[in-house]
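Residue-level listing of the chains:
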Amino acid sequence: MHDLARALADQLHPGAAPRDVTVNFGARRQAPIEYRSRGRGGPMTVYAQALHAALYGLPTPDESLPTALDALLQATHTATAPEQKTAVLRQVAEQLRNAAEIIQRYQYRAQWDRFPTDVAEQLATAHDQAQQIALALDRVAPAFSHQPTTDTTPRARAAHGQSATTLVTSPPSPAPRHR
């Protein structure tokens, strides 16, 4: 499937990353009217997976992950399989890349329309941060495909050294967020 995705991405530009390529399908003008009224498109990797499954008779997932962030948030509550958890994180990373592209367009628009300099600068910072978060999610998502064999957090190591009769208190409150 990855070879297929790479080959399709190369049709746009040799060496293009499959995750950066989208596809759009439409009918030519000579096609019957029932085909011309529809178009379809989306992430190239999704179409590569579907094409791969169709070519080799593999099962396709009945329901793909939602793309709207509010629906994706709901999917996190029902994702139980490790592969589902990984897929959710990858979808969030993809949405962040889309958000970064939107932010960059507005940054360029702010520069073109000669908004105050700090507007474009703040948009550039937001763009960079969205890209960094997406990369971080790409790096950590595969970890959710495998169940950890032991808990190696500092809290677990400290608890391991304590007596079995020692009660463990509630977890520490999360650190405050900075904006």
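Nothing here was measured: the structure is a model prediction, and the numbers come from that model.

The next point concerns the layout of surface pockets. Taken as a whole, the second largest pocket encloses approximately 330 Å³ of empty space. Along the wall of the second largest pocket there are 14 residues; nearest its centre are Asp20, Glu94, Arg97, Asn98 and Glu101. For the lining of the second largest pocket, the secondary-structure elements that each account for two or more residues are helix H5 (82–112) and helix H6 (117–140). For the lining of the second largest pocket, the class distribution of residues is four nonpolar, five polar and five charged.

By size, the foremost hydrophobic cluster in this structure holds eight residues: Ala5, Ala9, Ala16, Val21, Val23, Met44, Tyr47 and Ala48. Those elements giving two or more residues to this core turn out to be helix H1 (2–12) and helix H3 (44–56). Per element, the largest residue contribution to this core is three residues, and it comes from H3. In this structure, Leu89, Ala134, Leu137 and Ala141 belong to the second largest nonpolar core, which totals five residues.

With that out of the way, let us pick up a nonpolar patch on the surface. Together, Leu8, Leu51, Leu55 and Tyr56 make up an exposed nonpolar region whose accessible area comes to about 400 Å². By residue number, the principal contributor to the nonpolar patch is H3, which donates three residues. Along the chain, leucine 55 turns up in helix H3.

Interhelical geometry of helix H4 (residues 69–78) versus H5 gives an angle of 165° and a closest axis separation of 10 Å. Of the possible angle classes, the one that applies to H4 and H5 is roughly antiparallel. Crossing of H4 over H5 shows left-handed handedness. Contact with H4, carried on its side by Leu69, Leu72, Thr76 and Thr78, involves Gln84, Val88, Gln91, Val92 and Gln95 of H5 and no other residues of that element. Within the contact of H4 with H5, the residues separate by chemical class into four nonpolar, five polar and no charged.

Across the interface, H1 lies against H3 with an axial gap of 9 Å and an inter-helix angle of 130°. In terms of axis orientation, H1 runs oblique to H3. When you trace H1 past H3, the crossing you get is right-handed. Contacts from Leu4, Ala5, Leu8 and Ala9 of H1 reach H3 at Met44, Ala48, Leu51 and His52. Its residues placed into classes, the contact of H1 with H3 shows seven nonpolar, one polar and no charged.

About the criteria used
- Residues numbered from 1 in each chain as written.
- Predicted model: local features only at pLDDT ≥ 70, side-chain atom pairs only at ≥ 80, totals over all residues.
- Heavy atoms only, no water.
- 1 Å grid on protein atoms, 1.4 Å probe; cavity = no way out; pocket = protein on both sides within 12 Å on 5 of 7 lines; lining within 4 Å.
- Points joined across faces, edges and corners; volume = space filled by probe spheres on them.
- Helix = DSSP H or I, 4+ residues; strand = E, 2+ residues; numbered from the N terminus.
- Nonpolar A, V, L, I, M, F, W, Y, C, P; charged D, E, K, R; others polar.
- Core = buried A, V, L, I, M, F, W, Y, C linked by side-chain atoms within 4.5 Å.
- Buried < 20%, exposed > 50% of the residue type's maximum accessible area, 1.4 Å probe, protein only.
- Patch = residues over 30% accessible without salt bridge, like charges linked within 9 Å, V, L, I, M, F, W, Y side chains within 5 Å.
- Areas by Shrake-Rupley, 256 points an atom, 1.4 Å probe, with all protein chains shown as cover.
- Salt bridge = Lys/Arg side-chain N within 4 Å of Asp/Glu carboxyl O.
- Axes fitted to C-alpha atoms, helices over the stretch in contact; angles between N-to-C directions.
- Parallel < 35°, antiparallel > 145°, perpendicular 65-115°, else oblique.
- Left-handed = near helix turned anticlockwise from the far one by under 90°.
- Contact = heavy atoms within 4.5 Å.

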